Amino acid sequence: MRLDLFTIFPALFEGPLRESLLGRAIAAGVIDVRLHDIRTFAEDRHQQVDDESFGGGPGMVMKPEPLFAAVESLGPDRGRTIVLSPAGRRLDQTIVRELAAEPRIVLVCGRYEGIDERVVDGLPAEELSIGDYVLSGGELPALVVLEAVTRLVPGVIGKEESHERDSFGPDGLLDHPHYTRPRVFRDLEVPQVLLSGNHADIERWRREAAVDKTRRNRPDLLENGSN
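Residues numbered from 1 in each chain as written. Predicted model: local features only at pLDDT ≥ 70, side-chain atom pairs only at ≥ 80, totals over all residues. Heavy atoms only, no water.

## Here we look at the overall build of the chain
Part 1: Of the regular secondary structure elements, the chain holds nine helices and nine strands.
Part 2: Each of the three principal axes of the chain carries a C-alpha extent, and together these read 70 × 40 × 35 Å.
Part 3: The burial tally for the chain puts 41% of its 227 residues in the buried class.
Part 4: Intrachain contacts of the chain at a sequence separation of at least 6 include 73% that bridge at least 24 residues.
Part 5: Summing over all exposed atoms, the chain offers an accessible surface of approximately 13,300 Å²; the carbon and sulfur share of this is 50%. (Helix = DSSP H or I, 4+ residues; strand = E, 2+ residues; numbered from the N terminus. Buried < 20%, exposed > 50% of the residue type's maximum accessible area, 1.4 Å probe, protein only. Contact = heavy atoms within 4.5 Å. Areas by Shrake-Rupley, 256 points an atom, 1.4 Å probe, with all protein chains shown as cover.)

Quick look at the structure:
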């Protein structure tokens, strides 16, 4: 899989792209992540990428010219183009799995008050949000999308079954509780069933515990018919 990231702050990605599973997958060539500085596509000598909003209002808006030039520099086979925006569809695991099947993805990081709407309409691009709150830009959301999507790419995670048991897996439930050593910590004990060695009982307990946790923390998942 190849992912092209467009931003005016490429340095924000340098650390995360070197570390952990993501860094190892890039180093091994399992995924190909390329950073592009939007400012280098600006048409003026000051590399201006923003301007005042038509109709007035606070803040600046990212201009269409550098964004069109930046994304179109990849050619017609650039793949699915996504603008990170709080006004977009909310990211969930269904969308993550959908994106993980794509051979190429383009992620565009907005800044300021947002980007000129003609970028979404004209490229065209999809808008995607990571939640109902506002950040200063699209860089952190892009990293969230990048990590969520690439961990489903074969070869990124050592044990492929790891993500099959994740929260929001095929059954739509949150993940069951996990425990490790010591067996007793501050008078809190590991559930005895997990020490029994009876795999059928363990799986039954995990399923029931996952349903209980989902009911407590995300009842909407049950109400929406996930189970």
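## So, helix α4 (residues 93-100)
Part 1: Listing the buried residues of α4 in full gives Gln93, Ile95, Val96, Leu99 and Ala100. Viewed end-on, α4 has its buried residues packed into an arc of 155 degrees, placing them on one side of the element.
Part 2: Buried positions along α4 lie against β5 (80-90), β6 (104-109), β7 (126-129) and α6 (139-150).
Part 3: Regarding α4, its N-cap is aspartate 92, as a side-chain oxygen of that residue lies 3.2 Å from the backbone nitrogen of threonine 94 further along. (Arc of directions from axis to C-beta. Polar contact = N/O pair within 3.5 Å; in protein donor to acceptor, adjacent residues only side chain to side chain.)

## Topic: the packing of aromatic side chains
Each aromatic ring pair is specified by the distance between its two centres and by the angle formed by the two planes.
Part 1: Evaluation of the coordinates by the stated rule reveals one aromatic pair.
Part 2: Aromatic side chains tyrosine 179 and tryptophan 205 sit 6.5 Å apart centroid to centroid with 55 degrees between the ring planes, which places their arrangement in the tilted category. Here tryptophan 205 lies in helix α8 (residues 199-217) and tyrosine 179 lies in the loop between α7 (161-164) and β8 (184-185), a separation of 26 residues in the sequence. (Phe/Tyr/Trp six-rings, centres within 6.5 Å; stacked < 30°, edge-to-face > 60°.)

## Topic: the pattern of salt bridges
For side chains bearing opposite charge, pairing can occur when the charged atoms are close.
Part 1: Summed over all chains, the structure comprises 16 salt bridges.
Part 2: One salt bridge in this structure joins aspartate 4 and arginine 2, with 2.9 Å as the shortest N-O distance. With respect to burial, aspartate 4 and arginine 2 carry one shared label: buried.
Part 3: A salt bridge links arginine 118 to aspartate 116, with the shortest nitrogen-to-oxygen separation between them at 2.6 Å.
Part 4: The partly exposed category is assigned to arginine 118, whose relative accessible area is 49%.
Part 5: Note on aspartate 116: relative accessible area 15%, which makes it buried.
Part 6: In this structure, a network of salt bridges that share partners links the residues Arg80, Arg89, Glu98, Glu102 and Glu126. (Salt bridge = Lys/Arg side-chain N within 4 Å of Asp/Glu carboxyl O.)

## Re the environment of valine 190
Part 1: Within the fold, valine 190 resides in the loop between β9 (188-189) and α8.
Part 2: Sequence separation between valine 190 and tyrosine 179 is 11 residues; the distance between their C-alpha atoms is 6.5 Å.
Part 3: Residues within four places of valine 190 in sequence aside, it is in contact with Tyr179, Thr180, Pro182, Arg183 and Leu195.

## Notes on the packing of α4 against α6
For any two helices packed against each other, the geometry comes down to the angle between their axes and how far apart the axes lie.
Part 1: Between α4 and α6, the shortest axis-to-axis distance is 8 Å and the interhelical angle comes to 70 degrees. The angle between α4 and α6 falls in the class roughly perpendicular. Of the residues in α6, those in contact with Val96, Leu99 and Ala100 of α4 are Val145, Ala148 and Val149.
Part 2: Here the contact of α4 with α6 is built from residues that sort into six nonpolar, no polar and no charged. (Axes fitted to C-alpha atoms, helices over the stretch in contact; angles between N-to-C directions. Parallel < 35°, antiparallel > 145°, perpendicular 65-115°, else oblique. Nonpolar A, V, L, I, M, F, W, Y, C, P; charged D, E, K, R; others polar.)

## As for the environment of alanine 25
Part 1: Within the element layout of this structure, alanine 25 appears in helix α2 (residues 20-27).
Part 2: Taking the C-alpha atoms as reference points, alanine 25 and aspartate 212, 187 residues apart in sequence, are found 35 Å from one another.
Part 3: Alanine 25 has contacts with Val30, Ile31 and Val156, leaving out every residue within four places of it along the chain.

## Focus on α2
Part 1: Buried residues of α2: Leu22, Gly23 and Ala25, and no others. The arc enclosing the buried residues of α2, seen along the axis, measures out at 165 degrees, which places them on a common side. Away from the buried face of α2 by more than 90 degrees, exposed residues Arg24 and Ala27 are located.
Part 2: On its buried face, α2 is in contact with α6.
Part 3: Phi turns positive, to about 80 degrees, at glycine 29, one or two residues after α2.

Note that every value here comes from positions in space, so none of it alone points to a role or purpose.
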